[in-house]
Amino acid sequence: MTQPKSGDTFGVVGLFESADALMAAISKVREAGLGKVEAYTPYPVHGLDKALGQRRSPLGGMVMIMGVLGALTAFLFQWWISGIDYPIVTGGKAPTSWQAFVPIMFEVTVLFATFTAGLGMLFFLNKLPFFGHPVLHAKAISAITRDRFGLAIEAEGDAFDVAAAVRALESAGARPIEVISVPSFSGPMTARYLERSLLGIAIACAVSGYATYWAVKLFPVLPPTSHMLVQPRLDPQKPSAFFKDGHGMQLPVPGTVARGYLPLGVTSQEEAATLVNPLAVTQKVLEEGRQAYMNHCVVCHGPLANGVPTLTSAYGAKPANLQAQQFREYPDGKIYWAIVMGKNAMPSYAADLSEDDRWAVIHYLRALQRAQNAKPGDLAGVKFEAGSGQGSEGKAP
Amino acid sequence: MKADAVRLPEELQAPALTAGLVTSGNLDDQVLTFAFKKPPRAWYIGFAITSSVMTLGLVLLGYTAAVGIGVWGNTNPVFWAFAIINFVFWVGIGHAGTLISAILFLFRKRWRNAIARFAEAMTIFAVMCAGIFPLIHVGRPWLAYFLFPYPNQRAVWPNFRSPLLWDVFAVSTYFSVSLLFWYLGLLPDIASMRDRATGKVRKAVYSVLCLGWRGANSHWNHFEKAYLLLAGLATGLVLSVHSVVSFDFAVSLVPGWHMTIFPPYFVTGAIFAGFAMVLMVLIVVRETMDMKNLITDYHLDVMSRVILAMSCLMGYAYLMEGFTAWYSMNQFLHSIFTNYFIGAYWWTGWLTVACNVLIPQLFWFKKCRQSYVWMIVIALAVTTGMWFERFVIIVVSLHHDFLPASWHLYKPTLVDYGILLGSFGLFFTMVLLFARVLPVIATTEMKGILPGAQPHAVKSEE
């Protein structure tokens, strides 16, 4: 097809007062067979496409295909990301479990489908934007977008003849009738002008985008981004402005006592001999003592407290045999001292055991000692019930 | 169609959709010329107020960005406070527009044509307002693009199992689809404005905006199909969006959030709040722009009925929530639910119920559906109530979480209030600007339903 030159006749358009009149005219004008017949209306008029012999819109199929494509895209994208490229296990689900992908699949389906419907209709099917169409430059257009119904015979093929077209429209009842020629592209309203301004906008976008890109690249840490860097904190080997003396860490207030470190009131193990176990021997205390012993002492002193560790021989030190005569006669206070202060190779257990636990361990230790050195009379007065083998050490008289 | 011959009794006939004599021509004269006239004094005053409120909001946003979100009242355990309340609130407002333009379109409710355009525009502005909040809520909004799955040098991808990410997709899809839908509908109207416009700049702007629309029937053919498809898709979308928003809550384990009723409950609430807002703004538009013949009493009446129906659904949802809490035999749920009404924020719970369930019941009375005062009072109540409903859901559920040691009363700061106010400023500024430069009524769609608009020949053929 040759490009129409400006000044060529594009076609003839006639205006009708009502949709009914337009409808009635179409068949007459089409019969004349002068060229392509097209209607121009202010709103969609039902039944015109049939009357004009226009094909059904293929948009439905396009949207369907793109919608399915959207769903697939979203699914594969999420599946690949969450299942393969960067598996994150959340909620104990397998990385490739698909159920959680459904919401985004739905959204992307709709996105693809709607943009196909909207933009596909405008750009692909209707070939818009097009500012240079002759009808847009005709006088009739302002009536058409308002309340008149235009019927145009457009030059196409050899049968077109301006006079015959005018006659055909006239006899169909159109008033007024206008011969439209291809517009000359000058003046501000032409396609070229608009295209140029669109190009201008595009260039402005590109330039400002590029400028932003470099601005961000060259000055990445302007405020407020830089606020992340100025958080108040302690840096090693650096003075700090937190306190007057320039130190970040401060000594505790004089006289501060840490939890569980109340002064013993004695200064040596010998003096500690005078300390008295404040706990009464009860089943509960012994049970606590047993737990503490099992947690903290058993590895070195052994389950029987006879100094046979459950450790391998790689452990070089020799834990005391607490079943020895010496320790059976040891005052509670001296054991207490050993637990709190440690003894030679034995470290302090003050941090691990509360005041009560320490004393409870000592009670338990005593029970162990007694159990290993039992005398025949020890069980006198203890009643045995059938099946009660447990906790018998606590029932010593 | 012979059915036309049978006269339906008066009360079954479809009511007239316009009042007085409306023709295609005078419709254009009435609606499209607003853009070419100097706006009245009231418009300037309104604009001055809304834009200064908006500016206040902007300044506070800037302050938040510069100093950090520590300037808000959010602290442990209420980290989701105003920002998320406002987000859910505004997204909800948006739903009415899509409902009116898409769902009612599919149901062939022709009364929608007069109010659809305005409602759609309100959707877009509401979603714009909504979009601000998650953005600023991330704390460093300039890094918000981290939310999108794009290949990056950190070699990490977002977690697709997180409802928060679904939200990103849902809301951005919703915004772009609403925008497209709105713009497509506007296209023929803008074409008409182009032909009405005087003055070079105006003409050029409208020319570009309408993409050279010329009303050719081959174009209408595709256009109508596209509009139908978009309506169908938008219907699914609008139902999905607030469902996804509700997943942010329902998928978590916080008592009071973890409920299966949330998606439908949120969608209902959204439509409810949106209709109230549309009703309020329409009343103003109808009065100030003198559109009583196009937005008729009938329109206001139907809108009020929709609000009433939604209000009943809300009441049901609240009852159901209470029932679920009771029936669960879960002490955390019991405690949260009783907290709504007798806890530290007891009044918010009662306010919600009063505004959303009790006050709208007034719409049972015809008198209330016909009086501006009542309609505005009820619509205001609904708007307030729906905001507080989100407050109850978010703040009240969070401030007493599983760990009593971290219980804490949430107190919003002035900045919080200011930003909320600013979002209203933005919304109404956009509404005012829209009313100034674009047609507030879908003239093309209206022309299509005026009496005699469609050829009779077609009707008898069918």
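Predicted model only: the values in this text are computed from it and were never measured. (Residues numbered from 1 in each chain as written. Chains lettered and ligands numbered in written order. Predicted model: local features only at pLDDT ≥ 70, side-chain atom pairs only at ≥ 80, totals over all residues. Heavy atoms only, no water.)

Asker: Residue-level account of the overall build of chain B, with values.
Answerer: When helices and strands are counted, chain B shows 16 helices and zero strands. The C-alpha atoms of chain B give a radius of gyration of 24 Å, which matches the 23 Å a tight globule of 462 residues would have. In terms of overall dimensions, chain B has a C-alpha envelope of 75 × 55 × 45 Å along the principal axes. Taken over 462 residues, chain B has a buried fraction of 60%. The contacts of chain B with a sequence gap of at least 6 include a subset with a gap of at least 24, amounting to 80%. Looking at chain B as shown, the accessible area adds up to about 19,100 Å², and 72% of this sits on carbon and sulfur atoms. Across chain B, the mean location of the 31 positive side-chain charges is 6 Å away from that of the 22 negative side-chain charges. (Helix = DSSP H or I, 4+ residues; strand = E, 2+ residues; numbered from the N terminus. Rg over C-alpha atoms; globule rule 2.2 N^0.38 Å. Buried < 20%, exposed > 50% of the residue type's maximum accessible area, 1.4 Å probe, protein only. Contact = heavy atoms within 4.5 Å. Areas by Shrake-Rupley, 256 points an atom, 1.4 Å probe, with all protein chains shown as cover. Lys, Arg positive; Asp, Glu negative; His and termini not counted. Charge placed at Lys NZ, Arg CZ, Asp CG, Glu CD.)

Asker: Hey, could you go over the overall build of chain A for me, with residue numbers and the actual values?
Answerer: Across its full length, chain A holds 12 helices and four strands. Taking 21 Å as the expected radius of gyration for a compact globule of 397 residues, we find that chain A reaches 49 Å, considerably beyond that expectation. Taking the principal axes of its C-alpha atoms as reference, chain A extends roughly 140 × 65 × 40 Å. Across chain A, every contact between residues at least 6 apart in sequence was considered, and the portion connecting residues at least 24 apart equals 68%. In the form shown here, chain A has an accessible surface area of approximately 23,800 Å², with 62% of it arising from carbon and sulfur atoms.

Asker: Account for the packing of helix 3 (residues 59-85) of chain A against helix 4 (residues 102-125) of chain A, with residues named and values stated.
Answerer: Residues and elements named next belong to chain A. One way to put it is that helix 3 packs onto helix 4 with a least axis distance of 7 Å and a crossing angle of 145°. Crossing hand, helix 3 versus helix 4: right-handed. Side by side, helix 3 and helix 4 meet where L59, M62, V63, M66, G67, L69, G70, A71, T73, A74, F75 and Q78 of the first sit next to I104, M105, V108, T109, F112, A113, T116, A117, G120, M121, F124 and L125 of the second. In terms of residue class, the contact of helix 3 with helix 4 is built from 17 nonpolar, seven polar and no charged. (Axes fitted to C-alpha atoms, helices over the stretch in contact; angles between N-to-C directions. Left-handed = near helix turned anticlockwise from the far one by under 90°. Nonpolar A, V, L, I, M, F, W, Y, C, P; charged D, E, K, R; others polar.)

Asker: Please provide a residue-by-residue account of the pattern of salt bridges, values included.
Answerer: This model, assessed by the stated rule, comprises 20 salt bridges over all chains. With a closest N to O distance of 3.1 Å, D28(B) and K447(B) form a salt bridge. Residue D28(B) is found in helix 1 (residues 24-31), and its partner K447(B) is found in helix 15 (residues 443-449); the two are separated by 419 residues along the sequence. With respect to class, D28(B) is no different from K447(B); both count as buried. Within the structure, one salt-bridge network assembled from shared partners comprises E17(A), D147(A) and R148(A). (Salt bridge = Lys/Arg side-chain N within 4 Å of Asp/Glu carboxyl O.)

Asker: So what's going on with helix 7 (residues 217-250) of chain B? Residues and values would help.
Answerer: Relative to the 50 Å expected for 34 residues at 1.5 Å per residue, helix 7 of chain B spans 48 Å between its end C-alpha atoms, a close match to the ideal helical length. Counting buried residues in helix 7 of chain B gives 25 out of 34 residues, a clear majority hidden from the surface. (Expected span 1.5 Å × (residues − 1).)

Asker: Quick rundown of the nonpolar core? Include the residues and the values.
Answerer: Formed by 162 residues in total, the largest nonpolar core has its most connected members in W90(B) and F249(B). One finds V37(A), A39(A), L169(A) and A174(A) within the second-largest nonpolar core, a separate group that totals 26 residues. (Core = buried A, V, L, I, M, F, W, Y, C linked by side-chain atoms within 4.5 Å.)

Asker: An account of the interface of chain A and chain B is requested, with residue identities and associated values reported.
Answerer: Many analyses report the size of an interface as the accessible area lost when the parts associate. Chain A puts 80 residues into the contact, and the matching count from chain B is 69 residues. Here chain A meets chain B over a buried area of about 6,300 Å², counting both sides, of which 66% is carbon and sulfur. When the buried area of chain A at its contact with chain B is split by residue, Y43(A), E107(A) and R146(A) rank highest and sum to 11% of it. Linking chain A to chain B there are one salt bridge. (Buried area = accessible area lost by both parts, 1.4 Å probe.)

Asker: Lay out the sheet that holds strand 3 (residues 149-154) of chain A in plain terms, naming residues and giving numbers.
Answerer: Whenever strands of a sheet pair, they do so through backbone hydrogen bonds, lying parallel or antiparallel. All names here are of chain A. Spatially, 2-3-1-4 is the arrangement adopted by the four strands of the open sheet, whose pairing is antiparallel. Lying at the two open borders of the sheet, with one neighbouring strand each, are strand 2 (36-40) and strand 4 (177-181). Direction aside, neighbouring strands of the sheet carry axes that sit 25° apart on average. Docked against the sheet, helix 1 (residues 19-32) engages strand 1 (9-16), strand 2 and strand 3, running at close to 15° with respect to strand 3. (Pairing = 2+ DSSP bridges.)

Asker: Account for the domain arrangement of chain A, naming residues and giving values.
Answerer: What the domain assignment reports for chain A is domain 1 (1-187) and domain 2 (269-375). Each of domain 1 of chain A and domain 2 of chain A has a C-alpha centre, and the two are 94 Å apart. (Domains from an automatic or database assignment.)

Asker: Could you give me a rundown of the packing of aromatic side chains, with the residues and numbers involved?
Answerer: All names here are of chain B. What the rule picks out here adds up to 55 aromatic pairs over all chains. Arranged with centres 4.8 Å apart and planes meeting at 75°, the rings of F332 and F402 form a pair that is edge-to-face. Here F332 is found in helix 10 (residues 331-342), whereas its partner F402 is found in the loop between helix 13 (372-399) and helix 14 (414-437), with 70 residues between them in sequence. Counting every residue linked through ring pairs, the aromatic cluster contains F82, Y345, W347, W387, F388, F391, Y410 and Y417. (Phe/Tyr/Trp six-rings, centres within 6.5 Å; stacked < 30°, edge-to-face > 60°.)

Asker: Which residues make up the pairing of strand 3 of chain A, and what values go with them?
Answerer: Residue and element names in this part refer to chain A. Strand 3 sits mainly inside the fold: six of its six residues count as buried. Judged by which residues are buried, strand 3 turns out to be covered on both faces: F149, L151 and I153 on one side and G150, A152 and E154 on the other are all buried. With five bridges connecting them, strand 2 and strand 3 associate as antiparallel partners. Its bridge partner lying in strand 3, K36 is registered against E154.

Asker: Give me the lowdown on the environment of L143(B), citing residues and values where you can.
Answerer: All names here are of chain B. With respect to the secondary-structure elements, L143 resides in the loop between helix 4 (112-137) and helix 5 (163-196). Overall, L143 belongs to the partly exposed group, its relative accessible area being 30%. Considered as a pair, L143 and V59 are 84 residues apart in the sequence and their alpha carbons are 20 Å apart.

Asker: Could you give an account of the side chain of S406(B), naming the residues involved and the relevant values?
Answerer: Residues and elements named next belong to chain B. As for its placement among the helices and strands, S406 is situated in the loop between helix 13 and helix 14. Given a relative accessible area of 14%, S406 falls into the buried group. Separated by 3.2 Å, the side chains of S406 and D401 make a polar contact. With sequence-adjacent residues up to four places away left out, S406 is seen in contact with N76, P77 and D401. (Polar contact = N/O pair within 3.5 Å; in protein donor to acceptor, adjacent residues only side chain to side chain.)

Asker: Can you lay out the pairing of strand 1 of chain A for me, pointing to particular residues and giving the numbers?
Answerer: All names here are of chain A. By the criterion of burial, strand 1 is predominantly enclosed, with seven of the eight residues buried. For strand 1 and strand 4, the ladder comprises five bridges, and the chain directions are antiparallel. Within the sheet, the bridge partner assigned to G14 lies in strand 4 and is I177. Bridging between strand 1 and strand 3 involves six bridges; their strand directions are antiparallel. Each bridged residue has a counterpart across the sheet, and for G14 the counterpart in strand 3 is L151.

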